[in-house]
Amino acid sequence: MIVDHCTFAVLFALVPISMVLGVDTAPHQCAAQPLYQHGFEPPVDLDCITQLESQKAFDEVMHLKHEWIRQTLGSEQTQTDLSSKLKRLFPDHAHKLYEMTLGPNVNYNIPEDAPVLNGWNVTFMHSQFGWLFDKVKATLRKQLGDHVSIRPGSSFFFRILSGNETVDPTVRQILKMIPSPGHYDGLWTVLDWPEGVTFEHTISFTLPIAMPRGGHGLKIFERYRHPLTQEYHHYVTKEVLTPEERDKPANSYIHPYHIGKLSLHSGNEFHSVAEFRDVQPDDWRITLQGWGVFVPNQGWELFG
Ligand SMILES: O=C(O)CCC(=O)C(=O)O
């Protein structure tokens, strides 16, 4: 059992309901400042699940194929403007470019474009993947040192990209070519938070369940946006950039993903899903995605 520095009074009678809903009902006390600060640093990879558990998650995701939701690439607001760009560049094929999601993947800024966070979906995700969410929480608790809980009424979601869906050779060519759209994470800004939350301390995490044979990962550009000052910094030198410097093309590198290892970063660096350099018909790229915000005196609240 992992014990963090917060104090718990476990309410045994409430445990089953709270586990199903993802609500942590146990009262706890944390400091006003978190013990963990990711800062300008590259992602860290944390042991989270075994190969066998990754296979179990993969099988469960496959078993729930009828629950997958097809989303046009770029329909998520995190990838601003990609949708219209793709339509402009590839008018005959843009509608064939999509990803699948399983779970309440909320397009916070355009709720009507994507499935909304709703009760049955969240409860369903917890009942199917509670074991996996517990592993993620335990991994994060160990790294962050503070109490972690899944935001009431929330769950994480799977992002699914499949080589099988890309039988059209033109689509496969496009997938290899499309500029991978970068973004700074900011989904937390549209949710309600208790007084005192400043978004100075945020996390973004991705747990790879299946990866294409040729490997895959997160593309990171040498740009960092300070969460409080909103100034842009060079990711390596940490220097503040002028607007001209900021708008110049930035160098980037691929942070490789490893199945079962949770990649953790602040979400404040410019990043994106890396391009598919090579995509084979039976390749899969399946990840569990989530974010978190530190709430003073409460700990980290996670959501997807
Ligand atoms: O799937 C990934 O590799 C990361 C996705 C991402 O950047 C995001 O959801 O903000």
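Residues numbered from 1 in each chain as written. Predicted model: local features only at pLDDT ≥ 70, side-chain atom pairs only at ≥ 80, totals over all residues.

**Here's the deal with the overall build of the protein**
Quick reminder of the rule: Per the convention used, a helix needs a DSSP run of H or I reaching at least four residues, while a strand needs a run of E reaching at least two, with both numbered from the N terminus. Our exposure labels follow a C-beta count within 10 Å of each residue's own C-beta, placed from the backbone: buried means 20 or more other C-beta atoms, exposed means 12 or fewer, and partly exposed covers the counts in between. By the criterion used throughout, residues are in contact when their C-beta atoms, derived from the backbone, lie within 7 Å.
Scanning the protein from terminus to terminus reveals six helices and 13 strands. A buried classification covers 36% of the 304 residues belonging to the protein. At a minimum sequence separation of 6, the contacts of the protein that also span at least 24 residues come to 80%.

**Looking at the nonpolar core**
Under the convention used in this document: Here, a nonpolar core denotes buried Ala, Val, Leu, Ile, Met, Phe, Trp, Tyr and Cys residues that are linked to one another through C-beta atoms within 7 Å.
Membership of the largest hydrophobic core comes to 39 residues, with the highest contact counts inside it found for Val61, Val136, Phe158, Leu207 and Ile209. Elements represented by at least two residues in this core include exactly helix H2 (51-63), helix H4 (119-144), strand S4 (148-150), strand S5 (157-162), strand S6 (202-210), strand S10 (261-265), strand S12 (284-295) and strand S13 (299-303). Counting residues per element, this core draws most heavily on H4, which supplies eight residues. Those residues in contact with Ile209 that lie beyond four places of it in its chain are Ser54, Ala57, Phe58, Val61, Ile259, Ile286, Thr287 and Leu288. Of all hydrophobic cores here, the second largest spans seven residues; its members include Ala94, Leu97, Phe276 and Val279.

**Description of the pairing of S10**
Here is the key point about a regular strand: its side chains alternate between the two faces of the sheet. Selection criterion: A pair of strands is labelled paired if DSSP reports no fewer than 2 bridges between them.
Counting buried positions along S10 gives four out of five residues, so the element sits mostly inside the fold. With four bridges connecting them, strand S1 (residues 44-47) and S10 associate as antiparallel partners. When the sheet's bridge partners are listed, Asp47 is paired in S10 with Lys261.

**Description of unusual backbone geometry**
If you check the backbone angles, Phe199 has positive phi at about 65° while not being a glycine. Judged by the 15 C-beta atoms lying within 10 Å of it, Phe199 falls in the partly exposed class. Even without a glycine there, the phi angle at Lys238 is positive, about 70°. Looking at the secondary structure, you find Lys238 in the loop between strand S8 (232-234) and helix H6 (243-247).

**A closer look at the confidence of the model for the protein**
Under the convention used in this document: pLDDT expresses how confident the predictor is about each individual residue, on a scale running from 0 to 100.
Residue-level pLDDT values for the protein average 81, and 79% of them are 70 or greater. In the predicted structure, residues 1-26 sits below a pLDDT of 50 and forms 41 contacts with residues beyond four places in sequence or in another chain.

**Side note on the environment of Pro256**
With respect to the element layout, Pro256 can be found in strand S9 (residues 252-256). Considering only alpha carbons, one finds Pro256 and Gly215, 41 residues apart in sequence, at a separation of 7.3 Å. With residues near it in sequence (within four places) discarded, Pro256 still touches Gly215 and Gly217.

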